[in-house]
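# Chain and residue survey
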Amino acid sequence: MDREKARRRVGHESIETRHLRERGELFQALKSLDRRSFMKVSAAAFGAAAAQGLLPPHSFQPVSVAHAASPTGTPDTPKFTFAYISDSHLYDRNLNDRFVNQLMRAVDDINAMDPQPDFVLYGGDLAQLGKPVELELGAQILKNIKAPRRMMVGEHDWYFDMGEKWRELFGEPRYSFDHKGVHFVVLNSVIEKDFWTERKMTALERMMTVAGLDNGIQSRFTVGDEQREWLKKDLEKVGKGVPLIVFSHSPLYKLYKAWNFWTDDAEQVQAILGKYKDVTVIHGHTHQLLTNRIGNISFHGMLSTAWPWPYAPEGMPKLTIQMGRPDPFNPHDGIGDGSVQVHADGLVDKIYNLWNRNPVTVTRQYLASNGAKDKPAAPLLASY
Amino acid sequence: MPFQQQESQLTPWLASAATVTVPQGVSPAYWRTVVPEGNPGNGAQVALGRKLYFEPRLSKDHSVACATCHDVSRGFNDHRGRAEGVGDQIGHRNAPTTLNAAFYSTQFWDGRAPTLEDQAKLPITNPIEMGMPNGDAAVAAIADDPEYKKGFQDAYGRAPNFDDLGRAIASFERTLIFLSSPFDRFAQGDANAISADARAGWALFNGRARCGGCHQMSSSNPIGTDNRFHNIGVSARHQDFEQLANKGLQALAQGKSRESIDRLAIETDLSELGRFVVTEDRADIGAFKTSQVRNVGVTAPYMHDGSLPTLWDVIDHYNKGGEANPYLDGGIEPLNLTEAEVDQLVAFLFSLTDDRLAAQNEGEKARQGALAKTQRPFRDTALASRKVFPFEARLQGGK
Amino acid sequence: MFASKASLTSLLLLALGTAALANCGGGAGGKSAEAPSATTGTAAESAPGAGMEVLLCDGQTKTVVPPGTSGTAIAGDLMTQWLRKNPNSSWEAEERERHTLEPSADNDDLVGRVNGQTYGSITHQDVALWKTETERVALAGSSVFHDAGALGSTDGVSCDMCHPHAANTHPETYPKFQPQLGRVALLRDMINWCIEHPVRGKAFDSDDPKLRALEAYILAQRKGKTLNYGKH
């Protein structure tokens, strides 16, 4: 029922109605101002964003709708945005409907982004056991993404057939590309030393071993000698001032060995990357909000669409503010998807689009100030 | 039903409860968190509140009282999809039952009133409900009545005023504790108090049907609510919901979202955003308060907009995994319940009606049962059996 | 090598001492983690020049070898056969290799204490017995914990998917009123809730060996945490 009509009919108004009417009149008045005055008034009323002229003056639409803007209250415009979906761990749809439905939810989220991201990164572990039926199901679902896709491999995708099906569906697992002045490198950073041959494991046994996060028989993840050489070569033609963003499934640093939240040759990889002024690593595998900075390299974890991991008992980076203990009674808590806003200076804001929660943004100011500015809110419930 | 008739129906039901007292089985420590400090609810206060509950002079045209939408003969609600106020204006929300409302931590479907005291006053001044311009006008309508003068004096030791009016009605409502159902007798050890179907339904409620996740029941809080707000997808069935949700998000992204939301309130129908308007949390878009399950047999139609006519429709809605939307609560998922299991859950829910409303309950069982035999518009076996997934249809553009 | 559901159940029964099994070579009753020693095999009568039949102490496993074959080779052959028939014989060692287990309390300092009574004195053997039996059940729990099939899952989910090394299981916070369960929950109630919902299996009976083993494993892994019942 239109409150304005109600007021006119009644002839006088309730407290609620009068309050709303007064606000309405304020906005009506704003609309009738000339543009410059309007900008002045609205800037005062609505914060610095409009005053800085960073938003199109003809609308109040922020740049990114579903993924909230910077917590400092100044949603400055990034150069471009890409989205991510990661760690879906699909089984055949007749075995586990939840994981499939959740990946579909993530695809729906990304498709609803306005404006659309430049591309969508898939962060690895599309399948749970690397079976062809799982990878094909995943490929089929991801085809529904409207924006262009970039695929990255995870250990769950790899160790059943050593990447045979993955290559067939998605091409080579490691590659690089340039986009709007940023150099992107996609690694296969889940290379494990052979532990299966001497134990005479079958393909499935090997995969089941790797599939266990806490299974101590598997080897630690590496980028590996050969791939590090490839990386060096790839970066030869990239100027030192060019912003570098590296996609990796393993974190490219050493957080917690027992869960392979770990890259064994991390120091060597960081040495190669560290020669660049602005380097960001976006990694999967950890299924949680994770933030780190080593030298001039920023590290951001991606959320899973399947389930959240608990935080490691030791080795947590100082910069990480936990995402808050997920509620087991809500299967979608602690998971989701997200996006990365890349700025002209090559640094990024990382947005965690947690389902059934407010999104969390980890800004480049937070990392650059070593945690002094833009600190994300501490969770009410920390990990046990 | 006319107010006098309602009153006479009510009298035998409340014979023993003339003051606000802790209900049997509820911990007194917990009950103290339910009854506010300054309003203990003695006999005079309850009696005053009861009189006010049936008082149509509190409305603009003297036609509407609390008891119009919270009708004693209709399970203390109105059996309408959305409530109807002065001048036959229809609102946006289904009127909840006054029974056991004392146990909620907040009032209204979006929890915008923190207490019964606050809730009681708001419909009075709402232009489309009781239409009074303000609290003073409401008080003025009854202040000269000698019975009210005496009533207020006895209850609060002062002249009639709007705040005490709210207090009195709240105290009366705190005596409307209707927790004596066949299920309660079953819970106390009489296995045959409810049917075998209802017993199976109770097991499902706590098990595979996942109801207990939100409709939590315990001895301290026996009504079946977690006092929280969840998007279960009912609002998503409204055509403009997603557009509205996007506007809400845009309001959030502004520096001063309160103003933007207020503006939204004037320009659009905000009702379907639910709790979001109160908290401005994205997670609350389209979220509504978990309703109690007590006496649910006599509070049709169901949900915040009254869009589900029968309890069978309610179970069908949950069975198919609600309605997929970007803010759907992750606890809502397809349940794969068989027809027999749906019947069992419905039987259990009907067993939660207080004995005093048994006649109404039987009537509803028959009426809803007959209706459910002819139409089950929300039943979707493909979704319920997980052949198709909730977010799958959205991917293929069939929102 | 991971245990199949059927053999794991029998292992659990064994670990919990509900079956009596044949002795083998004079060792402790029941199949232990150690394979029976092949050195106690008996040689059958044989004609000169013919193959020699060697029978293992279990009375079943046998091999035929030419005379003069070294004892090591005979033992090795019998061992290989026996292991093939009993793939889970070294399940404890394998489980430890896969998933670490917090060690049970160290009781070594009790050894040798005499209380002036027969029952008061404790030996190394006692301490070893307590340790092996206790940790065996915890290890059995670890096996079930990491095995969707053993849990009865119908959607391929095992406990370690949310709780690697039993992280985030917080048994020290129970008993606790859990509103969604409508009652005060003990650890086993939460285990059963997880089995019914995320794992989509059937809840275990209170005295099911698997439930007991799961509890044992979870409590083992949270060794050292302070009890704090009711903590949410």
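Basis of the calculations
- Residues numbered from 1 in each chain as written.
- Chains lettered and ligands numbered in written order.
- Predicted model: local features only at pLDDT ≥ 70, side-chain atom pairs only at ≥ 80, totals over all residues.
- Heavy atoms only, no water.
- Helix = DSSP H or I, 4+ residues; strand = E, 2+ residues; numbered from the N terminus.
- Buried < 20%, exposed > 50% of the residue type's maximum accessible area, 1.4 Å probe, protein only.
- Contact = heavy atoms within 4.5 Å.
- Areas by Shrake-Rupley, 256 points an atom, 1.4 Å probe, with all protein chains shown as cover.
- Pairing = 2+ DSSP bridges.
- Axes fitted to C-alpha atoms, helices over the stretch in contact; angles between N-to-C directions.
- Buried area = accessible area lost by both parts, 1.4 Å probe.
- Salt bridge = Lys/Arg side-chain N within 4 Å of Asp/Glu carboxyl O.
- Nonpolar A, V, L, I, M, F, W, Y, C, P; charged D, E, K, R; others polar.

Another aspect to go through is the overall build of chain A. Scanning chain A from N- to C-terminus turns up 12 helices and 12 strands. Across the 384 residues that make up chain A, the buried fraction comes to 60%. When contacts within chain A are restricted to residue pairs at least 6 apart in sequence, those whose partners lie at least 24 apart make up 69%. Element-wise, carbon and sulfur atoms account for 53% of the exposed surface of chain A, whose accessible area totals about 14,900 Å².

All names here are of chain A. Within the open sheet, the 6 strands sit side by side as β3-β2-β1-β10-β11-β12. Their pairing is mixed. What marks the edges here is a single partner per strand, and that holds for β3 (149-151) and β12 (360-362). Averaged over neighbouring strand pairs, the angle between their axes works out to 20 degrees when direction is ignored. With 7 bridges connecting them, strand β10 (residues 336-342) and strand β11 (residues 348-354) associate as antiparallel partners.

Listed per partner, the contact involves 31 residues of chain C and 27 residues of chain A. Buried surface at the junction of chain C and chain A, summed over both partners, amounts to about 2,500 Å²; 58% is from carbon and sulfur atoms. Summed over the shared surface of chain C and chain A, the number is 3 salt bridges. Its residues assigned to classes, the side of chain C that touches chain A comprises 11 nonpolar, 12 polar and 8 charged.

Summarising the element assignment, Asp278 of chain A is placed in the loop between α11 (266-273) and β7 (279-283). For Asp278 of chain A, the residues in contact, after removing those within four places along its chain, are Val242, Pro243, Leu244, Asp345, Gly346 and Leu347 of chain A.

Asp114 of chain A connects to Pro115 of chain A through a cis peptide bond whose omega is 5 degrees. In this structure, Pro175 of chain C follows Tyr174 of chain C across a cis peptide bond, with omega equal to 0 degrees. Relative to the assigned elements, Pro175 of chain C resides in the loop between α5 (148-151) and β4 (176-178). Even without being a glycine, Asp125 of chain A presents a positive backbone phi close to 60 degrees. Relative to the elements of secondary structure, Asp125 of chain A occurs in the loop between β2 (120-122) and α6 (132-142). Even without glycine at this site, His287 of chain A takes up a positive phi of about 50 degrees. Considering the arrangement of structural elements, one finds His287 of chain A in the loop between β7 and β8 (291-294).

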